[in-house]
Amino acid sequence: MASLTATRVLAPVGTAGKLFAFGLDVGRGLFRRPFQTREFLQQAWFIASVTIIPTALVAIPFGAVIALQVGGLIKQFGAQSFTGSAAVLAVVREAGPIATSLLIAGAGGSAIAADLGARKIREELDAMMVLGIDPIQRLVVPRVLACMLVSVFLNGLVSVVGVAGGYVFNVVLQDGTPGAYLASFTALAQLPDLWQGMAKALIFGLIAAIVACYKGMSAGGGPKGVGDAVNESVVITFMLLFVVNFVMSAIYFQLVPPKTG
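Residues numbered from 1 in each chain as written. Predicted model: local features only at pLDDT ≥ 70, side-chain atom pairs only at ≥ 80, totals over all residues. Heavy atoms only, no water.

Going by what an unreviewed UniProt entry lists, the protein chain is known as ABC transporter permease and is assigned to Nocardioides anomalus.

Spelled out as structure tokens, the structure:
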């Protein structure tokens, strides 16, 4: 009984170690040739096609909620002229990468996990290894790079749509001034904020793809095992993304001093 309990307690540690080792294998596969250009382009197009519309639709309420909350708070301090800058900071630093990562993990990552899980239970991955083809270099690396590329572009889309939605709601519902909203962009925001958002999106896409590929390739137990792998990949990715987001934000605030108005 004691050994069984210890096994259950240490199981997450073993899973984390295997996931880390899988990530190292993916990193090593990045430099192996030939590079699967066709697979990369197909996966990038597929991931973009299943995430671009939900991302745009989610970005509008993100920007609206941020504009309403920030605008109402700033109005209490009599600093309405900084509404645009505060909304831009919130969208570019946090809302854009977070919304992008959630949709990449929920839509793109689940599709990747289901695809690789189905290949696993059909023993296609074993057949590839028998033929001397590395599944990581052939299937995983293109999907990881595709997720990273699409994440960066989707982050830009969320940032633009979120700022535009915040502008509309601030001007229409809060009687804000269009000129003041636009002119305040550079009051508190700075270029490193944009680079931080892009770096977050890139790393979040990497994490979502690696977790989805790992869970898909380790699926077992028939169709039910594939479904469980998809669910687990989404949950694990969400947990890792929030932890990594906190760490990256803490490091950024230590390295880049805030701009004063």
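From this point, the discussion proceeds with the structure in view.
Our focus in this paragraph is helix H5 (residues 135–173). If you check H5, its first and last C-alpha atoms are 53 Å apart, about what 39 residues at 1.5 Å a residue would give, namely 57 Å. If you look at H5, its biggest bend is around 30°, right at Val141, and the proline Pro142 turns up within four residues after that. Capping the start of H5, Asp134 holds a side-chain oxygen 3.2 Å from the backbone nitrogen of Ile136, two or three residues further along. (Helix = DSSP H or I, 4+ residues; strand = E, 2+ residues; numbered from the N terminus. Expected span 1.5 Å × (residues − 1). Bend = angle between axes of the 7 residues up to and from the residue. Polar contact = N/O pair within 3.5 Å; in protein donor to acceptor, adjacent residues only side chain to side chain.)

With that settled, consider the nonpolar core. Buried together is how nonpolar side chains tend to be arranged in soluble globular proteins. The biggest cluster of nonpolar side chains holds 36 residues, and the ones touching the most others in it are Phe22, Val26, Ile47, Ile104, Ile112, Val140 and Val144. Where this core is concerned, the elements lending two or more residues are helix H1 (2–29), helix H2 (37–76), helix H3 (83–121), helix H4 (124–130), H5, helix H8 (191–217) and helix H9 (222–255). When near neighbours in sequence (up to four residues on either side) are disregarded, Val144 contacts Val26, Leu206, Ala209 and Ile210. Within the second largest apolar cluster, nine residues are counted, among which are Val70, Ala86, Val91 and Val92. (Core = buried A, V, L, I, M, F, W, Y, C linked by side-chain atoms within 4.5 Å. Buried < 20%, exposed > 50% of the residue type's maximum accessible area, 1.4 Å probe, protein only. Contact = heavy atoms within 4.5 Å.)

Moving on: the pattern of salt bridges. Enumeration according to the criterion identifies nine salt bridges in this entry. A salt bridge links Arg119 to Asp115; the shortest N-O distance between them is 3.3 Å. Taken together, the positions of Arg119 and Asp115, both in helix H3 and four residues apart, correspond to about one turn of that helix. When the shortest N-O distance is used, the salt bridge between Arg143 and Asp115 registers 2.7 Å. (Salt bridge = Lys/Arg side-chain N within 4 Å of Asp/Glu carboxyl O.)

Another aspect to go through is the UniProt feature "transmembrane region" (unreviewed entry) in the protein chain. In the numbering adopted here, UniProt assigns the feature "transmembrane region" (unreviewed entry) to residues 45–68, 144–169, 194–214 and 234–255. Counting secondary structure, residues 45–68 comes out at 100% helix and 0% strand; the distance between its end C-alpha atoms is 35 Å. Segment residues 194–214 splits into 100% helix and 0% strand. End C-alpha atoms: 30 Å apart. (UniProt positions renumbered as here; feature names shortened; annotations may be inferred.)

Attention now moves to the packing of aromatic side chains. As enumerated under the stated definition, the model contains two aromatic pairs in all. With centroids separated by 6.0 Å and ring planes inclined at 55°, the aromatic side chains of Phe35 and Phe40 adopt a geometry described as tilted. We classify Phe35 as partly exposed; its relative accessible area is 31%. (Phe/Tyr/Trp six-rings, centres within 6.5 Å; stacked < 30°, edge-to-face > 60°.)

What follows covers a nonpolar patch on the surface. Together, Val243, Phe246, Val247, Ile251 and Leu255 make up an exposed nonpolar region whose accessible area comes to about 530 Å². With respect to the element layout, Ile251 can be found in helix H9. (Patch = residues over 30% accessible without salt bridge, like charges linked within 9 Å, V, L, I, M, F, W, Y side chains within 5 Å. Areas by Shrake-Rupley, 256 points an atom, 1.4 Å probe, with all protein chains shown as cover.)

Before going further, it helps to examine the environment of Gly205. By the secondary structure assignment, Gly205 is in helix H8. Here Gly205 falls in the buried class, since its relative accessible area comes to 1%. Sequence spacing of Gly205 and Val144 is 61 residues, and the spatial spacing of their C-alpha atoms is 7.6 Å.

Geometrically, a packed helix pair is captured by the angle between its two axes and the distance between the axes. The geometry of H5 relative to H8 is characterised by a closest axis approach of 8 Å and an angle of 145° between their N-to-C directions. The element H5 and its partner H8 pack so that their crossing is right-handed. Of the residues in H8, those in contact with Pro135, Val140, Arg143, Val144, Cys147, Met148, Ser151, Val152, Asn155 and Gly156 of H5 are Gly197, Met198, Ala201, Leu202, Gly205, Leu206, Ala209, Ile210, Cys213 and Met217. Each residue belonging to the contact of H5 with H8 can be placed in one class, and the counts come to 14 nonpolar, five polar and one charged. (Axes fitted to C-alpha atoms, helices over the stretch in contact; angles between N-to-C directions. Left-handed = near helix turned anticlockwise from the far one by under 90°. Nonpolar A, V, L, I, M, F, W, Y, C, P; charged D, E, K, R; others polar.)

Turning our eyes to something else, we now look at the side chain of Thr55. Here Thr55 is to be found in helix H2. Residue classification places Thr55 among the buried positions, given a relative accessible area of 0%. Ignoring anything within four residues of it in the chain, the contact list for Thr55 reads Leu103, Leu154, Leu157 and Val158.

Here we come to the side chain of Lys200. Following the sequence through the fold, Lys200 ends up in helix H8. Polar contacts involving the side chain of Lys200 include one to the main-chain carbonyl oxygen of Arg93, which spans 3.2 Å. Not counting residues up to four positions away in its chain, the partners in contact with Lys200 are Arg93, Glu94, Pro97, Asn245, Met248 and Ser249.

Before going further, it helps to spend a moment on the layout of surface pockets. Its volume calculated, the largest pocket comes out at about 300 Å³. Considering the residues around the largest pocket, the lining is formed by 13 residues, among which Ala16, Leu19, Phe20, Val211 and Leu240 are closest to the centre. Per-element accounting of the lining of the largest pocket gives the leading share, seven residues, to H1. (1 Å grid on protein atoms, 1.4 Å probe; cavity = no way out; pocket = protein on both sides within 12 Å on 5 of 7 lines; lining within 4 Å. Points joined across faces, edges and corners; volume = space filled by probe spheres on them.)

Here the focus is unusual backbone geometry. For residues that are not glycine, phi is negative in most cases, and the peptide bond is trans in most cases. With a phi angle near 65°, Glu123 is a residue other than glycine that sits in the positive phi range. With respect to the helices and strands, Glu123 occurs in the loop between H3 and H4. Overall, Glu123 belongs to the exposed group, its relative accessible area being 53%.

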